[in-house]
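What follows is each chain in one-letter form.
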There are 4 protein chains.
Amino acid sequence: MAGSSFGQIFKITTWGESHGKALGVIVDGVPAGLKLDEDDIQQFLDRRKPGQSKFTTARAEGDQVEILSGVFEGKTTGTPISLMVKNADQHSKDYSNISHVFRPGHADYTFWEKYGIRDYRGGGRSSGRETIGRVAAGAIAIKILRKLGIEIVTYSKAIGPVEIENFDADEITNNSLYMPDAAAADKAQKYLEECISNQDSAGGIIECRVTGMPAGIGDPVFEKLDANLAKAIMSIGAVKGFEIGDGFEAAKSVGSENNDEFIVENSSVVKATNHSGGVLGGMSDGSDIVFRAAIKPTPSISQSQQTVDIDGNQKAIEIHGRHDPVIVPRAVVVVESMAAITLLDSLLLNMSATMDGVMDFYN
Amino acid sequence: MAGSSFGQIFKITTWGESHGKALGVIVDGVPAGLKLDEDDIQQFLDRRKPGQSKFTTARAEGDQVEILSGVFEGKTTGTPISLMVKNADQHSKDYSNISHVFRPGHADYTFWEKYGIRDYRGGGRSSGRETIGRVAAGAIAIKILRKLGIEIVTYSKAIGPVEIENFDADEITNNSLYMPDAAAADKAQKYLEECISNQDSAGGIIECRVTGMPAGIGDPVFEKLDANLAKAIMSIGAVKGFEIGDGFEAAKSVGSENNDEFIVENSSVVKATNHSGGVLGGMSDGSDIVFRAAIKPTPSISQSQQTVDIDGNQKAIEIHGRHDPVIVPRAVVVVESMAAITLLDSLLLNMSATMDGVMDFYN
Amino acid sequence: MAGSSFGQIFKITTWGESHGKALGVIVDGVPAGLKLDEDDIQQFLDRRKPGQSKFTTARAEGDQVEILSGVFEGKTTGTPISLMVKNADQHSKDYSNISHVFRPGHADYTFWEKYGIRDYRGGGRSSGRETIGRVAAGAIAIKILRKLGIEIVTYSKAIGPVEIENFDADEITNNSLYMPDAAAADKAQKYLEECISNQDSAGGIIECRVTGMPAGIGDPVFEKLDANLAKAIMSIGAVKGFEIGDGFEAAKSVGSENNDEFIVENSSVVKATNHSGGVLGGMSDGSDIVFRAAIKPTPSISQSQQTVDIDGNQKAIEIHGRHDPVIVPRAVVVVESMAAITLLDSLLLNMSATMDGVMDFYN
Amino acid sequence: MAGSSFGQIFKITTWGESHGKALGVIVDGVPAGLKLDEDDIQQFLDRRKPGQSKFTTARAEGDQVEILSGVFEGKTTGTPISLMVKNADQHSKDYSNISHVFRPGHADYTFWEKYGIRDYRGGGRSSGRETIGRVAAGAIAIKILRKLGIEIVTYSKAIGPVEIENFDADEITNNSLYMPDAAAADKAQKYLEECISNQDSAGGIIECRVTGMPAGIGDPVFEKLDANLAKAIMSIGAVKGFEIGDGFEAAKSVGSENNDEFIVENSSVVKATNHSGGVLGGMSDGSDIVFRAAIKPTPSISQSQQTVDIDGNQKAIEIHGRHDPVIVPRAVVVVESMAAITLLDSLLLNMSATMDGVMDFYN
């Protein structure tokens, strides 16, 4: 089936494999009249680029984006924006060791079972490179959200067992792990070095905080804002969990603690606390939207692992080559992008919520 | 916007408010020729019915389902099945204490901000009664899944801080909390009695295990099986988190532990462990699908809470009346239903995955 | 598959069979705050009611609509509106003559081939009674369109070979054929009497004119306003053709005649002519939207016809009972309803077309 | 909104403007395992290429397609197929005469009203070049349909007032007008020469015939096969009408003539006639599917026309340059492509129609 599109009014469709000619995305439903150039997008792609530290793959990806349609004289025209990144570094080296073998923790086996064929080069469609399209589209969504006064901050909350203890927004881009806590980042780096020397890999937790979201965005039943965020985030490879506000901790709490009281502050209704994470009944409640994603350890490790090949023979496999010992830092911008796309789509869908709004618009 | 539908090929559309005339669901896309009567559905509705123990509301809900269309001579015809439950107990008693006030932890404020109007009787559309439609539709999905050899077991894994320590499937329906561990159920009951005496409420964790799912179901990018499960489950009111397999624990693990090795067993490829929770790269991997949902404590508590009314005045509120001190037991069947709907839709969508499959079907 | 929903933001889902317990529709995405009661809807259902003249079936259908959800204190709340009409007259009389036989011109054979089962009573799901849901939903759309200054006039342009020669809007509701030309209506009535005496039936053409539609509604590529109107109208049973503006006549014209010149009138840009029928490049052009639907003759006739039964035996069939010799007059309000639903959905979708519009809405 | 996608399971998303860097399409949901190379697609693009006769524009379009993703070792992998054609001939010559003026019969004015900005070069997004994506995607659909025994023949039935009188399939590709009647093609050519000498343009009618479609494809209510065909065909620029089977003629007929009797032939149920055009109740009936599209005359003519500019000033305009005096011949392959995409999507969606089909598939 067609499973490469996301969003209803602001809709993205990604395409491309790790070692194909190119990857890209069609961003359809972008409101007309937005100033947009390749730099707006490139700066976000650069955040997911590898080779920025020893904990991310050394592969020299240029990942230069081209705008192929939908922008005229520097502005969006309302027609679909096609964004493409050529796969510069696609010299298909030797994949003979994995072409017939199902790597543990990867999608090799499930692709094979579903389709009976798979592009085994570099993970094919399930490669992290697929997220190039998401990030390119996310850059546009983020630019629009900012114009509406909505900002998103995303960072590594934990790398393996090392969790942040303080939050300093300025620190996020100061370390290659995107942690808002310099001391935790140091510890996490030591932990990662240990992983590397063990021929092993790590996971972690990404946290995202959205400020400025007006109340009432999202819908009450199946199109709840948090349900759509959950789908958006869980659709990113390697994400194994999603929680909003107090999340799994809320399950252990009691109502009198978990409920956020409403108070009046500067003549506005605000919540005294934010256990809800900014969503009540599937709609934004005016507080910051705060959610977390659990990322599993990179499945590619150079230790020997038991597996099976396509002919059903038991095999041992060692995966060498360029692999991030942790993908959390590079996934930060992917989580931010998917959040932005989801939020923007909800905002646009919300415009017809009331007769007053519709009447105002057309009169 | 239209936010009351879920699914693509097997699509459900729920409608109804807590104190309206009735609630229901349209189930569209049910394959023709399935034997179906009202008993098939009623037994699932009975599982979510209140009044089964002192921990669920005493409201006398009959909740008798009627099949209004789509079934002829005891079989589904392929046309939409309309299922309705009348609201027998809708004598709208006195709601004056909450009609102008935003209850903490509820969707009152967000409905007001979005729509400028809300049906305040019993929570209106965001009442737990909306799930009647989900469970009625889920009953049909579960019946079909069973015919395909797919079974779902769902239970309370934790009530507040009390977590199960053993798993005994037979015990699940032996206690009113749907816990598969009699000792834990006892402890949890004591904990809930304490909550009640404190005029407080509890949350918990629901776990769901699916057996018999073939490999390769779900899609690689945005329509990942786990992403759709996450949306389905997070769209249930009060759910604050979703995780699959090792979930948030995976974030602390290392690749060599988290990866599931493939082995050959009885000439079949199987996984030696199941940290993945049955999904790799968004597609089922042939192992059991195992996921969990975090449920927040019931927001309706009789303790006094600070809040604000629709005129912006600070107010104290005490919520009396029939309210579950914990909704986890009644939500078990809702989680199971949403899982079934998601899995079945994915199975039906998967039928056109390969040319061989399509050619076989039409030849 | 699920094929009973129409629309994206303003979405309707119909359900029900001719001789089931009831028929209905869920109208989801109605903006909140619209005054709505059952009378608003009933007056449209009464327009499609049979028994209004000797040319429509004598079946005594009460067709009283009930609002089951989505309206509170006389106003829409933004949640789905469930509308139901009970099948009062469902005494399933003797269908033995058609239960195993495929009636020519009906969907009996195609249902059988698709589903292997069919509710043969009164046409089942493909009965004209399915349009009750469309008309009930259309009534809501029309009420909203009027508030935006958009009016729709629909009428019979031809009954069989008898076409109108004059247009008098006031005459439309003066005759039972909904023709805007009294003389043509007289001729058409004589033609129909002849059909009846021949045990035969007639078709005709319905025309629809929309005034007040702002320019720029609809989308340039697949979601063209006229493409969506075509789908909406062709989805009505018995419609065999759709054309907009000059339609099939345009195919014979030349560019210099078919092009509508733009002129300035009262400081506004208007078209000097309206060969386009109010749509250019898939978007409304500010002129009246004018389209036509071709309706085939009622397939149920009492003449003997050759056909086949479900066991593959050749049979002769005579269809007696209550059948309109022409359905065109009763289909007028169905065409109007589907047009209204399509136009309203396009208007709501259009609200996010430009950055200026989005910024204005949220600031 | 996002309006550039079509189809549900087999979904295409087109992008690109006449004078942008490139145009293309993402084809998502293609079953895995289909042999596919660029030649399969190029032969269809060549059919819509201009410059094949004096009646189609002389613009030297290479229109070489590139497959950028979704094909591996010569076979489809089930992942989205990205197809791109570079705009070789995009030297944006002088558009100053139309950049501020609304051309009659074009979408200039409606784009301006909707978006407040438009890419005026060569029609931008509403250029006929947008159909490159449709034809490229259609080539894939047609290849699959053929494997299922389904063939589509499409041709010009009329050019302006000149209609075919005979049907000779072999003749279709013998003349540059794609008419299946050599004598009519001659007459039509003379008619077109006259149009050219009058600085005028012509329209026409395209007819499409599908053989081999199994019965029961399509759905009974909104997703009727003919409704989806109507949308598909009306979404092509310049199409003003759609009819199936006897279409508008059926409106004048009587039931006893219009009904197709069923008979047994070689132990199969067949229809004695085909007034229905192969669809009954929205589902294919096993006969040939036959439909027609009305194409308006090319709006670009070099005669002087009255119009208005973006500042509201009345202006005269003459449109010179490369323009087809008739687009019908080049639109033939576009109609065929959209038909194929619609039919294939319906076939794939139909696979879950019955429990028997689903059980067979998974057992």
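Residues numbered from 1 in each chain as written. Chains lettered and ligands numbered in written order. Predicted model: local features only at pLDDT ≥ 70, side-chain atom pairs only at ≥ 80, totals over all residues. Heavy atoms only, no water.

Caption draft 1: Structural detail: the sheet that holds strand 2 (residues 11-16) of chain A. Residue and element names in this part refer to chain A. The five strands are arranged 1-2-3-7-4 in an open sheet whose pairing can be described as antiparallel. Both outer strands of the open sheet, strand 1 (5-6) and strand 4 (65-67), are each paired with one neighbouring strand and no more. Against the sheet, helix 1 (residues 38-48) makes contact with strand 4 and strand 7 (81-86), and its axis sits at roughly 155° relative to strand 4, the strand it touches most. Helix 3 (residues 131-147) contacts strand 2, strand 3 (22-28) and strand 7 of the sheet and is inclined by roughly 35° relative to strand 3. (Pairing = 2+ DSSP bridges. Helix = DSSP H or I, 4+ residues; strand = E, 2+ residues; numbered from the N terminus. Contact = heavy atoms within 4.5 Å. Axes fitted to C-alpha atoms, helices over the stretch in contact; angles between N-to-C directions.)

Caption draft 2: Summary view of the relation of the copies chain D and chain A. With an RMSD of 0.0 Å, the operation that places chain D on chain A is a rotation of 180° combined with a shift of 0.0 Å along the axis. Within this description, the copies of the chain are treated as partners about a two-fold rotation axis. The residues that chain D uses at the interface reappear at the interface of chain A in 100% of cases, marking a shared surface. (Least-squares fit on C-alpha atoms with pLDDT ≥ 70 in both.)

Caption draft 3: Main features of the side chain of asparagine 350 of chain B. Note that asparagine 350 of chain B resides in the loop between helix 8 (328-349) and helix 9 (355-362). On the accessibility criterion, asparagine 350 of chain B (10% relative accessible area) is buried. A polar atom in the side chain of asparagine 350 of chain B sits 2.6 Å from the side chain of lysine 114 of chain A. Among all residues touching asparagine 350 of chain B, those that are not within four sequence positions of it are Lys114 of chain A, Gly216 and Ile217 of chain B together with Phe361 and Tyr362 of chain D. (Buried < 20%, exposed > 50% of the residue type's maximum accessible area, 1.4 Å probe, protein only. Polar contact = N/O pair within 3.5 Å; in protein donor to acceptor, adjacent residues only side chain to side chain.)

Caption draft 4: Looking closely at the sheet that holds strand 1 (residues 5-6) of chain D. All names here are of chain D. Ordered by their spatial adjacency, five strands build an open sheet running 1-2-3-7-4, and the pairing between neighbours is antiparallel. At either margin of the open sheet sits one strand with a lone partner, and together these are strand 1 and strand 4 (65-67). Here strand 3 (residues 22-28) runs beside strand 7 (residues 81-86); their pairing, made up of six bridges, is antiparallel. Bridge pairing in strand 7 places valine 25 opposite leucine 83. Sitting on the sheet, helix 1 (residues 38-48) touches strand 4 and strand 7, and the angle it makes with strand 4 is about 155°.

Caption draft 5: Structural detail: the interface of chain A and chain B. Counting residues at the interface gives 105 residues for chain A, matched by 105 residues for chain B. Between chain A and chain B the total buried area reaches about 8200 Å² when both faces are included, carbon and sulfur atoms providing 63% of it. In terms of surface lost to chain B, no three residues of chain A exceed Met1, Phe222 and Lys240 of chain A, which account for 11% of the buried area on that side. If you look at where chain A meets chain B, you find two salt bridges. One salt bridge connects lysine 231 of chain A with glutamate 223 of chain B, and the closest N-O pair in it is separated by 3.0 Å. Between chain A and chain B we count 41 residue pairs in polar contact (both at pLDDT 80 or more) in total. Partitioned by chemical class, the residues of the side of chain A that touches chain B number 48 nonpolar, 37 polar and 20 charged. (Buried area = accessible area lost by both parts, 1.4 Å probe. Salt bridge = Lys/Arg side-chain N within 4 Å of Asp/Glu carboxyl O. Nonpolar A, V, L, I, M, F, W, Y, C, P; charged D, E, K, R; others polar.)

Caption draft 6: Representation of the interface of chain D and chain A in the model. Contact with chain D, which involves 44 residues of that partner, is made by 44 residues of chain A. Both faces combined, the contact of chain D with chain A buries some 3300 Å², and carbon together with sulfur accounts for 63% of it. For the pair chain D and chain A, the interface holds two salt bridges. Along the contact surface separating chain D from chain A lie twelve residue pairs in polar contact (both at pLDDT 80 or more). For the side of chain D that touches chain A, the secondary-structure elements that each account for two or more residues are strand 2 (11-16), strand 3, strand 4, strand 6 (75-76), strand 7 and helix 2 (108-115) of chain D. Per element, the largest residue contribution to the side of chain D that touches chain A is five residues, and it comes from strand 2 of chain D. Considered class by class, the residues forming the side of chain D that touches chain A number 16 nonpolar, 16 polar and twelve charged.

Caption draft 7: Spotlight on the confidence of the model for chain A. With 95% of its residues at a pLDDT of at least 70, chain A reaches an overall mean of 94. Across the interfaces of the predicted complex, the ipTM metric reaches 0.97, alongside a pTM of 0.97. (pLDDT = per-residue confidence, 0-100.)

Caption draft 8: Structural detail: the packing of helix 1 (residues 38-48) of chain B against helix 8 of chain B. Residues and elements named next belong to chain B. Viewed as axis vectors pointing N to C, helix 1 and helix 8 meet at an angle of 140°, and their least axial separation amounts to 7 Å. In this view, helix 1 runs oblique relative to helix 8, as classed from their interaxial angle. When helix 1 is examined against helix 8, the residues Phe44, Arg47 and Arg48 are found in contact with a partner set consisting of Arg330, Val332, Val333 and Glu336. (Parallel < 35°, antiparallel > 145°, perpendicular 65-115°, else oblique.)

Caption draft 9: Spatial organisation of the pairing of strand 7 of chain A. All names here are of chain A. Extensive coverage of strand 7 is indicated by the burial of five of its six residues. With three bridges joining them, strand 4 and strand 7 adopt antiparallel strand pairing. Following the sheet pairing, isoleucine 67 is matched in strand 7 by leucine 83.

Caption draft 10: Focus on the pairing of strand 17 (residues 305-308) of chain A. All names here are of chain A. Pairing geometry for strand 17 and strand 18 (residues 314-317), over four bridges, is antiparallel. Residue pairing across strands places glutamine 305 opposite isoleucine 317, the latter belonging to strand 18. Turn length for the strand 17-strand 18 hairpin, with the two strands adjacent in sequence and antiparallel, is five residues, and the turn residue glycine 312 shows positive phi of about 85°.

Caption draft 11: Focus on the nonpolar core. If you look at the biggest cluster of nonpolar residues, it comprises 365 residues, and the most contacted ones within it are Ile140 of chain A, Ile140 of chain B, Ile140 of chain C together with Ile140 of chain D. In contact with isoleucine 140 of chain B, other than residues within four places in its own chain, are Phe10, Val27, Val30, Leu34, Leu36, Ile41, Ile81 and Leu83 of chain B. (Core = buried A, V, L, I, M, F, W, Y, C linked by side-chain atoms within 4.5 Å.)

Caption draft 12: Region of interest: the pattern of salt bridges. This model, assessed by the stated rule, comprises 88 salt bridges over all chains. A salt bridge links glutamate 66 of chain C to lysine 21 of chain B; its shortest N-O distance comes to 3.8 Å. You can see glutamate 66 of chain C sitting in strand 4 (residues 65-67) and its partner lysine 21 of chain B sitting in the loop between strand 2 (11-16) and strand 3 (22-28), one on each of two chains. Note that glutamate 66 of chain D is salt-bridged to lysine 86 of chain D, the shortest N-O span being 3.6 Å. With a gap of 20 residues between them, glutamate 66 of chain D in strand 4 and lysine 86 of chain D in strand 7 connect regions that are remote in the sequence. Connected via shared salt-bridge partners are Lys157, Glu207, Glu243 and Arg292 of chain A.

Caption draft 13: Quick peek at the environment of isoleucine 159 of chain C. Residues and elements named next belong to chain C. As for its placement among the helices and strands, isoleucine 159 is situated in strand 8 (residues 151-159). Distance from isoleucine 159 to isoleucine 41, taken between C-alpha atoms, is 27 Å for residues 118 residues apart in sequence. If we ignore the near neighbours within four places in the chain, the residues touching isoleucine 159 are Leu177, Met179, Ala188, Tyr191, Leu192, Gly203, Gly204, Val326, Val328 and Pro329.

Caption draft 14: Geometry of the relation of the copies chain A and chain B. Superposition of chain A onto chain B requires a rotation of 180° combined with a translation of 0.0 Å along the rotation axis, giving an RMSD of 0.0 Å. Here 100% of the contact residues of chain A are again contact residues in chain B; the copies associate through an equivalent surface.

Caption draft 15: Fine view of helix 4 (residues 182-197) of chain C. All names here are of chain C. Spanning 16 residues, helix 4 covers 23 Å between terminal C-alpha atoms, matching the ideal 22 Å at 1.5 Å per step. When we look at burial in helix 4, the residues that qualify are Ala184, Ala185, Ala188, Tyr191, Leu192 and Cys195. Within helix 4, the buried residues cover an arc of 120° as seen down the axis, which keeps them to one side. Exposed side of helix 4, more than 90 degrees from the buried face: Ala183, Lys190 and Ser197 are the residues found there. Where the residues of helix 4 are buried, they touch strand 8 and strand 9 (162-163). Here helix 4 starts with a cap whose side-chain oxygen sits 3.1 Å from the backbone nitrogen of alanine 183, and that cap is aspartate 181. (Expected span 1.5 Å × (residues − 1). Arc of directions from axis to C-beta.)

Caption draft 16: Highlighting unusual backbone geometry. Positive phi outside glycine occurs at serine 267 of chain C, with the angle close to 65°. Following the sequence through the fold, serine 267 of chain C ends up in the loop between strand 12 (262-265) and strand 13 (268-271). Of note, the phi angle at tyrosine 178 of chain D is positive, near 55°, even though the residue is not glycine. Turning to its location among the elements, tyrosine 178 of chain D is positioned in the loop between strand 9 (162-163) and helix 4 (182-197).

Caption draft 17: The arrangement of the packing of aromatic side chains in detail. One pass over the structure, following the stated rule, counts 38 aromatic pairs over all chains. Ring geometry for phenylalanine 72 of chain B against tyrosine 120 of chain C: centres 5.2 Å apart, planes inclined by 90°, an arrangement best described as edge-to-face. Here phenylalanine 72 of chain B is found in strand 5 (residues 71-72), whereas its partner tyrosine 120 of chain C is found in the loop between helix 2 (108-115) and helix 3 (131-147) on a different chain. On the basis of relative accessible area, phenylalanine 72 of chain B is assigned to the buried category, the value being 7%. Between phenylalanine 111 of chain D and tyrosine 115 of chain D the ring centres are 5.8 Å apart and the planes differ by 45°, which places this aromatic pair in the tilted class. (Phe/Tyr/Trp six-rings, centres within 6.5 Å; stacked < 30°, edge-to-face > 60°.)

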